[in-house]
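# Close look at the chain arrangement
The primary structure of each chain is shown beneath.
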Amino acid sequence: MSDAAQPTAAEVRAAAEAVKAALDRHLEAVENRTGDDDPAVYEAFNALAAAAEAYDERLYDRYDEVTPFEIPGVEDSLPPYQGPTEPNALTVLIRRDYAVVEPQRLLAQAQRIADLDRGDGDGDEDVDAVARVGVSTHAALGVLFGEFEPDEIASRHTEFGLEEGDSTLWVAAADELPEPGEWLSTPFDQAEPGRVICRFDVSAVFDEDDFQDDGTGPAARRVSG
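Before going into details, it helps to say that this report is about the structure given with it.

Each value, and the rule that gives it
- Residues numbered from 1 in each chain as written.
- Predicted model: local features only at pLDDT ≥ 70, side-chain atom pairs only at ≥ 80, totals over all residues.
- Heavy atoms only, no water.
- Helix = DSSP H or I, 4+ residues; strand = E, 2+ residues; numbered from the N terminus.
- Buried < 20%, exposed > 50% of the residue type's maximum accessible area, 1.4 Å probe, protein only.
- Contact = heavy atoms within 4.5 Å.
- Areas by Shrake-Rupley, 256 points an atom, 1.4 Å probe, with all protein chains shown as cover.
- Axes fitted to C-alpha atoms, helices over the stretch in contact; angles between N-to-C directions.
- Parallel < 35°, antiparallel > 145°, perpendicular 65-115°, else oblique.
- Left-handed = near helix turned anticlockwise from the far one by under 90°.
- Nonpolar A, V, L, I, M, F, W, Y, C, P; charged D, E, K, R; others polar.
- Core = buried A, V, L, I, M, F, W, Y, C linked by side-chain atoms within 4.5 Å.
- Expected span 1.5 Å × (residues − 1).
- Salt bridge = Lys/Arg side-chain N within 4 Å of Asp/Glu carboxyl O.
- Pairing = 2+ DSSP bridges.

Helices and strands together make up the secondary structure of the chain, namely seven helices and four strands. From first element to last, N terminus to C terminus, the chain shows the α and β order α-α-α-β-α-α-α-α-β-β-β. With 225 residues in all, the chain has 26% of them scored as buried. Considering only contacts in the chain between residues 6 or more positions apart, those separated by 24 or more positions represent 68%. Element-wise, carbon and sulfur atoms account for 49% of the exposed surface of the chain, whose accessible area totals about 15000 Å².

This next bit is on the packing of helix H4 (residues 103–117) against helix H6 (residues 137–147). The interhelical angle for the contact between H4 and H6, taken along N-to-C directions, is 60°, at an axis separation of 9 Å. As judged from the angle between their axes, H4 and H6 are oblique. As H4 packs across H6, the resulting crossing turns out to be left-handed. Where H4 abuts H6, its residues Leu106, Leu107, Ala110, Ile113 and Asp117 lie against Thr137, Ala140, Leu141, Val143, Leu144 and Glu147. Partitioned by chemical class, the residues of the contact of H4 with H6 number eight nonpolar, one polar and two charged.

Among the nonpolar cores identified, the biggest contains 12 residues, and these are Leu106, Leu107, Ala110, Ile113, Ala114, Val133, Ala140, Leu144, Phe148, Ile153, Phe160 and Leu162. Sorting the residues of this core by element identifies H4 and H6 as the ones contributing at least two each. The element best represented in this core is H4, accounting for five residues. With near-sequence residues (within four places) excluded, Ile113 lies in contact with Val143, Glu147 and Phe148.

Looking now at H4. Taking 1.5 Å of rise per residue, 15 residues should cover 21 Å, and H4 covers 21 Å from first to last C-alpha, within 8% of that figure. Those residues of H4 that sit buried are Leu106, Leu107, Gln109, Ala110, Gln111, Ile113 and Ala114.

What follows concerns the pattern of salt bridges. Side chains bearing opposite charge may pair, as long as their charged atoms lie close to each other. Taken as a whole, this structure holds nine salt bridges when the rule is applied. With a closest N to O distance of 2.7 Å, Arg96 and Asp151 form a salt bridge. Note that Arg96 is positioned in strand S1 (residues 89–100) and Asp151 in helix H7 (residues 150–155), a separation of 55 residues in sequence. Classification of Arg96 as partly exposed rests on a relative accessible area of 30%. Residue Asp175 is joined to Arg195 by a salt bridge in which the shortest nitrogen-to-oxygen separation is 3.1 Å. Note that Asp175 is positioned in the loop between strand S2 (162–174) and strand S3 (196–203) and Arg195 in the loop between S2 and S3, a separation of 20 residues in sequence.

Another aspect to go through is the pairing of S2. Pairing between S1 and S2: 11 bridges, direction antiparallel. Each bridged residue has a counterpart across the sheet, and for Ala89 the counterpart in S2 is Ala174. Relative to S3, S2 is paired through six bridges, and the arrangement is antiparallel. Within the sheet, the bridge partner assigned to Ser167 lies in S3 and is Val202.

Everything listed is a geometric property; what it means functionally is a separate question.
Structure representation (C-alpha cells):
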C-alpha cells in the first residue's frame, strides 16, 4: 500500500476510541437488556464488531500490526430466531451472482437457443429478435434465463460463459401464504433476518478447511437461525 493510501495516526487513534465507545455501549445494553433476544444488545453487538474490524484494518494498514480480536462472521451476525415455533408457511429467497467472463460464448449459446425456437414465430419481428440475440448481451441473458431453470444455469454456468460469484439461500418462516400476486412488485422487501430458519451461503471468502466443499468452486456453509 502506498503512503498516500495509508490511514493517518490520528485515524488509527480515532478508530481505537470508537472501539472503546462501542464497548461501553455494548456493556450498557447487556446490563439493561430486557430478555435473551433484546434487539438493543444485538445492535450494540454489531456496532462493536464493526468498530473492532475498522480498527483492526487501520492498525494493519498503518503499522502492519494486528489485534487478537476475532471478527464475527456471517454465522454470528444473524439475529436470534423470532419466528413461530410451528411455521404454517415458508419463504425461500435465493440470490446468485455471476460475472459474464466469456461474452462470445454467452452470445453463441443464446443464438443457438433462439435458432431452435425460431420456428415457433412468424414474420419479420421474430427474425429481428433472433438476430439481436447474437449481438446483445442483454438479449442473450433474457433468452438464457427464459430457457433454463436457475439451478440448471448454476450447474452449467461455464458453458454459458459465466463465472460464479457469491450466492445465498434463505429459508424463512411465514405466518401464512400471502395472497396471490401480493408481493410480486417488491419480492425481496419483506425479508426478515429474525425469521430465518436456516441459510446456505457460498463464497470464495470462506475457509475451505472449515466448511464443506467439493473442490470445484467456492466453499459453502450452512447457517441456522
